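# Architecture at a glance
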2 protein chains.
Amino acid sequence: MATATMKDVARRAGVSTATVSRALAQPDRVSSELRRRIEAVVRDLDYTINASARSLRRNDTGMVLVVVPDIGNPFFSKLLKGVELQARKLAYAVLIGDTEHGAARAEVYARQLEARRADGLILLNGRTPSFAGFRVTSNAVPRPLGPRYPIVVVSERIPGSPWPTVGIDNVAAAERAVLHLADLGHRRIAHIAGPKGNILTGERRRGYRAALAKSGLPADPDWLVYGDFSIASGRRAARKLLVCPARPTGVFAANDEMAMGAIVEIRAFGLAVPGDVSVVGFDDIEFAEIFDPPLTTVRQPRFEMGQRAMALIGRGLRGEALAAEEVILESEFVVRASTARAAPAKR
Amino acid sequence: MATATMKDVARRAGVSTATVSRALAQPDRVSSELRRRIEAVVRDLDYTINASARSLRRNDTGMVLVVVPDIGNPFFSKLLKGVELQARKLAYAVLIGDTEHGAARAEVYARQLEARRADGLILLNGRTPSFAGFRVTSNAVPRPLGPRYPIVVVSERIPGSPWPTVGIDNVAAAERAVLHLADLGHRRIAHIAGPKGNILTGERRRGYRAALAKSGLPADPDWLVYGDFSIASGRRAARKLLVCPARPTGVFAANDEMAMGAIVEIRAFGLAVPGDVSVVGFDDIEFAEIFDPPLTTVRQPRFEMGQRAMALIGRGLRGEALAAEEVILESEFVVRASTARAAPAKR
DNA sequence: CTGAAAGCGCTTACAG
DNA sequence: CTGAAAGCGCTTACAG
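In what follows, the accompanying structure is described.

Calculation criteria
- Residues numbered from 1 in each chain as written.
- Chains lettered and ligands numbered in written order.
- Predicted model: local features only at pLDDT ≥ 70, side-chain atom pairs only at ≥ 80, totals over all residues.
- Heavy atoms only, no water.
- Least-squares fit on C-alpha atoms with pLDDT ≥ 70 in both.
- Near = heavy atom within 4 Å.
- Polar contact = N/O pair within 3.5 Å; in protein donor to acceptor, adjacent residues only side chain to side chain.
- Helix = DSSP H or I, 4+ residues; strand = E, 2+ residues; numbered from the N terminus.
- Nonpolar A, V, L, I, M, F, W, Y, C, P; charged D, E, K, R; others polar.
- Buried < 20%, exposed > 50% of the residue type's maximum accessible area, 1.4 Å probe, protein only.
- Contact = heavy atoms within 4.5 Å.
- Pairing = 2+ DSSP bridges.
- Axes fitted to C-alpha atoms, helices over the stretch in contact; angles between N-to-C directions.
- Core = buried A, V, L, I, M, F, W, Y, C linked by side-chain atoms within 4.5 Å.
- Buried area = accessible area lost by both parts, 1.4 Å probe.
- Salt bridge = Lys/Arg side-chain N within 4 Å of Asp/Glu carboxyl O.
- Expected span 1.5 Å × (residues − 1).
- Phe/Tyr/Trp six-rings, centres within 6.5 Å; stacked < 30°, edge-to-face > 60°.
- Lys NZ or Arg CZ within 6 Å of the ring centre and 35° of its normal.

### Description of the relation of the copies chain A and chain B
When chain A is brought onto chain B, the operation consists of a screw motion whose angular component is 180 degrees and whose axial shift is 0.0 Å, with 0.0 Å RMSD remaining. Taken together, the rotation and translation describe the operation of a two-fold axis. Of the C-alpha atoms belonging to chain A, the one lying closest to the rotation axis is found on Ser52(A), 2.3 Å away.

### Some remarks on the protein's contact with DNA strand D
Surrounding DNA strand D, one finds 25 residues, the nearest of these being Thr19(A), Arg22(A), Arg57(A), Ser21(B) and Arg57(B). The protein-proximal atoms of DNA strand D, defined as those within 4 Å of the protein, are 64% sugar or phosphate. With respect to DNA strand D, the backbone of Ala53(B) contributes an N or O atom lying 3.4 Å from a base nitrogen. Secondary structure elements with two or more residues in the surface near DNA strand D: helix H2 (17-25) and helix H4 (51-58) of chain A together with helix H2 (17-25) and helix H4 (51-58) of chain B. For the surface near DNA strand D, the element with the highest residue contribution is H4(B), accounting for five residues. Split into classes, the residues belonging to the surface near DNA strand D amount to 11 nonpolar, seven polar and seven charged.

### Let's talk about the environment of His186(B)
Residue and element names in this part refer to chain B. Of note, His186 is situated in the loop between helix H7 (170-183) and strand S6 (189-193). Looking at His186, the relative accessible area reads 2%, which means it is buried. Along the primary structure His186 and Val277 are separated by 91 residues, whereas in three dimensions their C-alpha atoms are 9.2 Å apart. If near-sequence neighbours (up to four positions away) are discounted, His186 is found in contact with Leu181, Leu217, Thr249, Gly250, Ser278, Ala340, Arg341 and Ala342. Among the polar contacts listed, one links the side chain of His186 to the side chain of Thr249, at a separation of 2.7 Å. Within the local environment of His186, its side chain forms a polar contact with the backbone oxygen of Ala340, the two atoms lying 2.9 Å apart.

### Concerning the sheet that holds strand S4 (residues 151-154) of chain A
All names here are of chain A. The strand order across the open sheet formed by six strands is S2-S1-S3-S4-S5-S11, and the pairing between neighbours is parallel. Two strands in the sheet have a free side with no partner beyond their single neighbour: strand S2 (93-98) and strand S11 (326-329). The sheet shows a mean angle of 20 degrees between the axes of neighbouring strands, taken without regard to direction. Taken together, the two bridges between S4 and strand S5 (residues 165-168) define a ladder with parallel strand orientation. Looking at the pairing, Val153 lines up with Thr165 of S5. This element, helix H6 (residues 103-114), spans strand S1 (63-68), S2 and strand S3 (120-123) of the sheet and lies at about 170 degrees to S1.

### Observations regarding the nonpolar core
The biggest cluster of nonpolar side chains holds 96 residues, and the ones touching the most others in it are Phe252(A), Met260(A), Phe287(A), Phe252(B), Met260(B) and Phe287(B). If near-sequence neighbours (up to four positions away) are discounted, Met260(B) is found in contact with Phe287(A), Ile290(A), Ile285(B), Phe287(B), Ala288(B), Phe291(B) and Leu295(B).

### What about the protein's contact with DNA strand C?
Around DNA strand C lies a shell of 24 residues, among which Ser21(A), Arg57(A), Thr19(B), Arg22(B) and Arg57(B) are the nearest. Backbone atoms, meaning sugar and phosphate, make up 64% of the atoms of DNA strand C lying within 4 Å of the protein. Side-chain polar atom of Ser21(A) to a phosphate oxygen of DNA strand C: 2.4 Å apart, as the coordinates give it. Thr19(B) has a polar side-chain atom sitting 2.4 Å from a phosphate oxygen of DNA strand C. Broken down by secondary-structure element, the contributors of at least two residues to the surface near DNA strand C are H2 and H4 of chain A together with H2 and H4 of chain B.

### Regarding the side chain of Thr297(B)
All names here are of chain B. Among the secondary structure elements, Thr297 is positioned in strand S10 (residues 297-299). In terms of polar contacts, Thr297 uses its side chain to reach the side chain of Asp256, at 2.7 Å. Not counting residues up to four positions away in its chain, the partners in contact with Thr297 are Asp256, Val280, Gly281, Phe282, Asp283, Asp284, Glu332, Phe333, Val334 and Arg336.

### With respect to the interface of chain A and chain B
By a widespread convention, an interface's size corresponds to the accessible area lost as its parts come together. Contacts between the two partners involve 60 residues from chain A, matched on the other side by 60 residues from chain B. Summing both sides of the interface, chain A and chain B together bury roughly 5500 Å²; the carbon and sulfur share of this comes to 53%. Our count for the chain A to chain B interface comes out at seven salt bridges. Ionic pairing is found between Asp70(A) and Lys81(B), a salt bridge with its closest N-O pair at 2.6 Å.

### Considering unusual backbone geometry
All names here are of chain A. Cis geometry marks the peptide bond from Asp292 to Pro293, where omega comes out at 0 degrees. Along the polypeptide, Pro293 turns up in the loop between helix H11 (286-290) and strand S10 (297-299). The phi torsion at Ser155 lies on the positive side, around 70 degrees, for a residue other than glycine. Its place among the elements puts Ser155 in the loop between S4 and S5.

### Describing the pairing of strand S4 (residues 151-154) of chain B
Residues and elements named next belong to chain B. The two faces of S4 match: Ile151 and Val153 on one face and Val152 and Val154 on the other face are all buried. In the sheet, strand S3 (residues 120-123) pairs with S4 via three bridges, with the strands oriented parallel. Its bridge partner lying in S4, Ile122 is registered against Val152.

### Some points on helix H7 (residues 170-183) of chain A
Residues and elements named next belong to chain A. Taking 1.5 Å per residue as the helical rise, H7 with its 14 residues ought to reach 20 Å, and the 20 Å between its terminal C-alpha atoms agrees with that figure. With 10 of 14 residues buried, H7 is to be regarded as a mostly interior element. Those residues of H7 that sit buried are Asn170, Val171, Ala173, Ala174, Glu175, Ala177, Val178, His180, Leu181 and Ala182.

### Notes on helix H8 (residues 199-215) of chain A
Residues and elements named next belong to chain A. Look at H8: 25 Å from first C-alpha to last across 17 residues, which is about the 24 Å you get at 1.5 Å a residue. Among all positions in H8, only Leu200, Thr201, Glu203, Arg204, Gly207, Tyr208, Ala211 and Leu212 are buried. With a side-chain oxygen lying 2.6 Å from the backbone nitrogen of Leu200, the N-terminal cap of H8 falls on Asn198. Count one or two residues on from H8 and you reach Gly216, which has phi positive near 65 degrees.

### Some thoughts on the packing of aromatic side chains
Each aromatic ring pair is described using two quantities: the centre-to-centre distance and the angle formed by the ring planes. This structure, assessed with the given rule, holds five aromatic pairs over all chains. Seen in terms of ring centroids, Phe252(A) and Phe282(A) are 6.3 Å apart; in terms of plane orientation they differ by 55 degrees. Their pairing is tilted. One end of the pair, Phe252(A), is in strand S8 (residues 250-253); the other, Phe282(A), is in the loop between strand S9 (278-280) and H11, with 30 residues separating them in the sequence. Grouping residues by exposure puts Phe252(A) and Phe282(A) together as buried. Ring centres of Phe75(B) and Phe76(B) lie 5.1 Å apart, and the angle between their planes is 75 degrees; this geometry places the pair in the edge-to-face category. We classify Phe76(B) as buried; its relative accessible area is 5%. Taking the ring centre of Phe282(A) as reference, the NZ or CZ of Arg204(A) above it sits at 3.7 Å.

### Structural notes on the pattern of salt bridges
Note that side chains of opposite charge can pair when their charged atoms are close. All names here are of chain A. According to the stated counting rule, one finds 43 salt bridges over all chains in the structure shown. Between Glu33 and Arg37 there is a salt bridge, with its nearest N and O atoms 2.9 Å apart. On the criterion of helical spacing, the pair formed by Glu33 and Arg37 is a turn pair, its members being four residues apart in helix H3 (residues 32-45). We note a salt bridge from Glu286 to Lys78, for which the minimum N-O separation is 3.8 Å. Here Glu286 is found in helix H11, whereas its partner Lys78 is found in helix H5 (residues 74-89), with 208 residues between them in sequence. Classification of Glu286 by relative accessible area gives partly exposed; the value is 38%. Judged by relative accessible area, Lys78 falls into the partly exposed class, the value being 32%.

Just geometry here; none of it tells us what the structure is for.
Spelled out as structure tokens, the structure:
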């Protein structure tokens, strides 16, 4: 049995497809008698509109695409809920694409946008998709000059991009986290950074260095180790730090997962957290609070970040031009039990 | 500047749109000279096919929809990666819809399928969408008899549904978990169950009861508490259990988050885990291993579940009829440090 | 190997 | 308030 089309509905209701279309999209432009009749037939035939046909005709889709580097990361899932909520308010559906940290997948999803399968794009992966209106064509004419659809960047800033960005002040937040360790008397403070290419890595590392400089603390290159935001990489990083000639007593990790991994490894090494080593994370994911010890960390307003991003998309969708403004939301430093005063003996 | 269409490409390459279409979809059906010329123009104009137009014409979309009850739950995110991997192999893109445990959102997403925005559907939320070909129409003729697109159910079985289901044997896995506690000498074993309507809740509760019966252990109604799979609900449940007249020494939680929440609360109460109370979880999410204590739990082959589900969809997409078979994958019981022998004094 | 033409299922000015 | 008709951008038998 073939799916019913609008034509079937029209025939059965004894009206034109134009009227059916109106009855569904703008009910008050149709007499109430016809509307009722049409609605009955729609139910009867179990009619559902063909989204492709409507999209083709109206040149919009009612969908927004969100490109995420890793859907398994709790940081993103909460943010996505914010996007969803706002999208619902605006009557848009959200299409999520997981790039698994890869550029190839990111291109695949971005192409969905180019193919007009979505009306807007939220980028969480810090990459400019190659389409995005920047390509210089073979005859050296840069075209088109602007994107044809709203794009908003979240969390992982894309320097020089023409799109609005929603995020926090990572440098300041990182600096504050490290100053907290310094205030507690720690003088050998290490940093477990994110992956090297990542923009957040640079920003948080900058905050780390600034705090060391401000506090007059040394910056031993051994104390800077790179991870990839995973628990496993936090463990690996900690193993390196633990065998440093000058072992750090404070560690600032660029996210909570790496902080947790580090703590597990520090304890396996026979040291106490925070007794021997204090550890600070970043993000404040749900598990941070119930981890042992509960993690001192930087809380990002993840839900709000998602909401704001989608709200911006909504404005773009309504025809407003989106400037390259930066929306900087407040982060919050949350002190829990993974940090403590440095042991006097160690100083 | 308007987006280039196939017509623009055709004109500029001096061929018909038919040839452009072929050059893009079936390159070897076009002479290599033309193919090259067309490809150059495509690059030049930055042409991307209009997915709506193609979908409308070909009556397919190259997309598969996955309906998830909660994208923030690590159980699902890993499963989604399995879906993604397999989808990529089959050249399909994955559209994820988060229902946030609600029926309303589930309907919204399911409607996307009805509207032909996807070619197949993977249901992780244990609900039959109201469309799905089961509705009885107003004139009492049940139609259509079968779904018009492949549907696969994962994890949360839908009893009586005509679709293939991928999952584990939850009853057996739960029974095994509880027998583990019984074997350790625990005689007062509680269960933190999932939410009441959920199918998994019933299955795991059944396993719990079967194990008690087999071990000749009492089943105090006070020891059965319902949660909602969240950390917070695990904490609430533990608070109830801790004030039972006959306090349990073993707890089987229906997922890892609730187990973790319970452990936090048990410790806050002044008891040791596993010293005073042993706790078993379910799922083996990433955090289970680095939790303190590392969680004894049931490992579900999440990635494989996703892969298998998508593989089934793939077969359906190739025209094969999908039977209502159950694909039962092996789970694994993982013993870690959250369980220990019952204290003899307590017996 | 290539093109002319029909048609996928809608929406929307336009006319009445 | 309603309908006839054009057209959105593709694909694909069919003919050559």
